[in-house]
Amino acid sequence: MALIEVETLTKTFKISKRREGLSGALMNLVKREYQFVQAVDNISFHVEQGETLGYIGPNGAGKSTTIKILTGILTPTEGRVEVNGLVPHKQRRQHVKNIGVVFGQRSQLWWDIAVIEAFTLLRDIYEVSKNDFQKQLKKFDEVLEIGPLLHIPVRKLSLGQRVRCDIAASLLHNPPVVFLDEPTIGLDVAVKSNIREFIKEMNASLGTTIILTTHDLSDIEYLCQRTLIIDQGKIIFDGDLEKAKNELARKRKIQIDLYEHIDIDVIREKLNIAQLEFTKRNDYSLTISFDKNEISAINIIQTILDHFHPRDMKIEEPTIEAVVKEIYSEDI
């Protein structure tokens with residue numbers, strides 16, 4: 001049995017229609033009109049113990065609704081959800097003891113007390129032994145460098161400092177599964193790198209299952225073995241983005257800088273491949289676009305080396321953003 005099991009999950013919200021103006025407000029008092037919005041539409045997926053799953057999609061796609069159902073905040077309209085053998089919305093108290101949650105824009109720590117006091121309260125709530133608590137603090141300090149922050153009130157922490165403390169708080173009780181919602185939002189490059197490394201280390205050393213939602217696709221590319229993409233409440237992709245990159249984003253580019261003036265007609269004649277596209281950037285530089293399934297970059301580079309005098313050559317791989325756009329265009 002998988003650690004997380006989601007079968008034919010649907011969540012529909014009943015939303016009141018609001019009429020404009022004073023007369024509309026009076027009519028709303030007398031008779032309300034409602035519309036139904038399907039935030040999650042009959043989705044199914046399983047997550048195995050130790051997986052790091054990226055869960056992505058545009059705003060309003062259904063990501064947050066799914067996470068709130070998995071964490072027990074919302075009750076599904078239809079379908080079956082189990083996390084570590086528990087039904088989140090029915091066994092909420094038992095369930096929350098077995099999960100960690102980090103919301104990048106909301107803190108789970110108490111605003112006016114010192115970080116260590118908040119940690120101590122969480123230790124008591126999760127019934128963590130004093131010995132295990134000290135071991136966890138030591139480990140978090142080694143990787144996240146939270147030691148100097150422990151006696152500072154949460155409200156005085158910077159965003160990066162608070163997120164590091166939030167991640168530590170979510171892992172104090174060593175939960176089998178952790179939900180991370182935009183954990184690196186608004187962080188500088190150095191802090192973001194440290195948090196990524198910590199998440200990767202927790203997954204590798206403890207087998208912690210990670211569910212990551214983010215708009216920063218570089219987080220997904222670095223951390224996740226598998227990615228789910230949801231749009232308009234439906235899952236449109238489930239798999240390895242690196243594999244998708246090879247299968248869908250087939251376009252590659254080679255940037256070439258030559259010592260001599262560029263004559264595209266001469267270069268086209270020497271390469272003699274109809275599928276190539278040439279873009280002259282200046283008198284000494286051009287870009288060659290090609291489909292990697294039709295021709296090898298090595299063949300192009302070797303021909304250039306045989307007939308010209310290159311100063312520099314660089315192969316451009318498609319970005320992870322390009323892969324996701326390709327997946328959307330394939331589906332819609």
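If you're wondering where the values come from, they're calculated on a predicted model, not measured in any experiment.

1. Re the packing of aromatic side chains
Applying the stated rule across the entire model yields two aromatic pairs. Here Phe45 and Tyr55 contribute two aromatic rings whose centre-to-centre distance is 6.1 Å and whose plane-to-plane angle is 40°, an arrangement assigned as tilted. Taken as a pair, Phe45 in strand 2 (residues 33-47) and Tyr55 in strand 3 (residues 52-56) lie far apart in primary sequence, 10 residues in all. Judged by centre distance (5.9 Å) and plane angle (75°), the rings of Phe140 and Phe198 are edge-to-face. Linking Phe140 in helix 5 (residues 130-144) with Phe198 in helix 7 (residues 189-206), this pair joins segments that are 58 residues apart in sequence. A single burial state applies to Phe140 and to Phe198, both of which are buried. The ring of Phe13 has Lys11 sitting right over it, with the charged end atom 5.2 Å from the ring centre. Lying over the aromatic face of Tyr222, Lys200 brings its terminal NZ or CZ to 4.2 Å of the ring centre.

2. Some words on the sheet that holds strand 2
Read from one edge of the open sheet, three strands run 2-1-4, paired in antiparallel fashion. At either end of the open sheet lies a strand with only one pairing partner, and these are strand 2 and strand 4 (78-83). Going across the sheet, the axis of each strand differs from the next one's by a mean of 30°, ignoring polarity. Each of strand 1 (4-17), strand 2 and strand 4 touches helix 2 (residues 63-70); the most contacted strand, strand 1, lies at about 115° to it.

3. Brief notes about the sheet that holds strand 3
If you trace the six strands from one edge of the open sheet to the other, you get 5-6-7-3-8-9, paired in mixed fashion. Strands at the two margins of the open sheet, each flanked by one partner only, are strand 5 (99-103) and strand 9 (234-239). Neighbour to neighbour, the strand axes of the sheet diverge by 15° on average, direction disregarded. Each of strand 5 and strand 6 (177-181) is contacted by helix 6 (residues 159-171), which is oriented at about 165° to strand 5, the strand it contacts most.

What counts and how
- Residues numbered from 1 in each chain as written.
- Predicted model: local features only at pLDDT ≥ 70, side-chain atom pairs only at ≥ 80, totals over all residues.
- Heavy atoms only, no water.
- Phe/Tyr/Trp six-rings, centres within 6.5 Å; stacked < 30°, edge-to-face > 60°.
- Helix = DSSP H or I, 4+ residues; strand = E, 2+ residues; numbered from the N terminus.
- Buried < 20%, exposed > 50% of the residue type's maximum accessible area, 1.4 Å probe, protein only.
- Lys NZ or Arg CZ within 6 Å of the ring centre and 35° of its normal.
- Pairing = 2+ DSSP bridges.
- Axes fitted to C-alpha atoms, helices over the stretch in contact; angles between N-to-C directions.
- Contact = heavy atoms within 4.5 Å.

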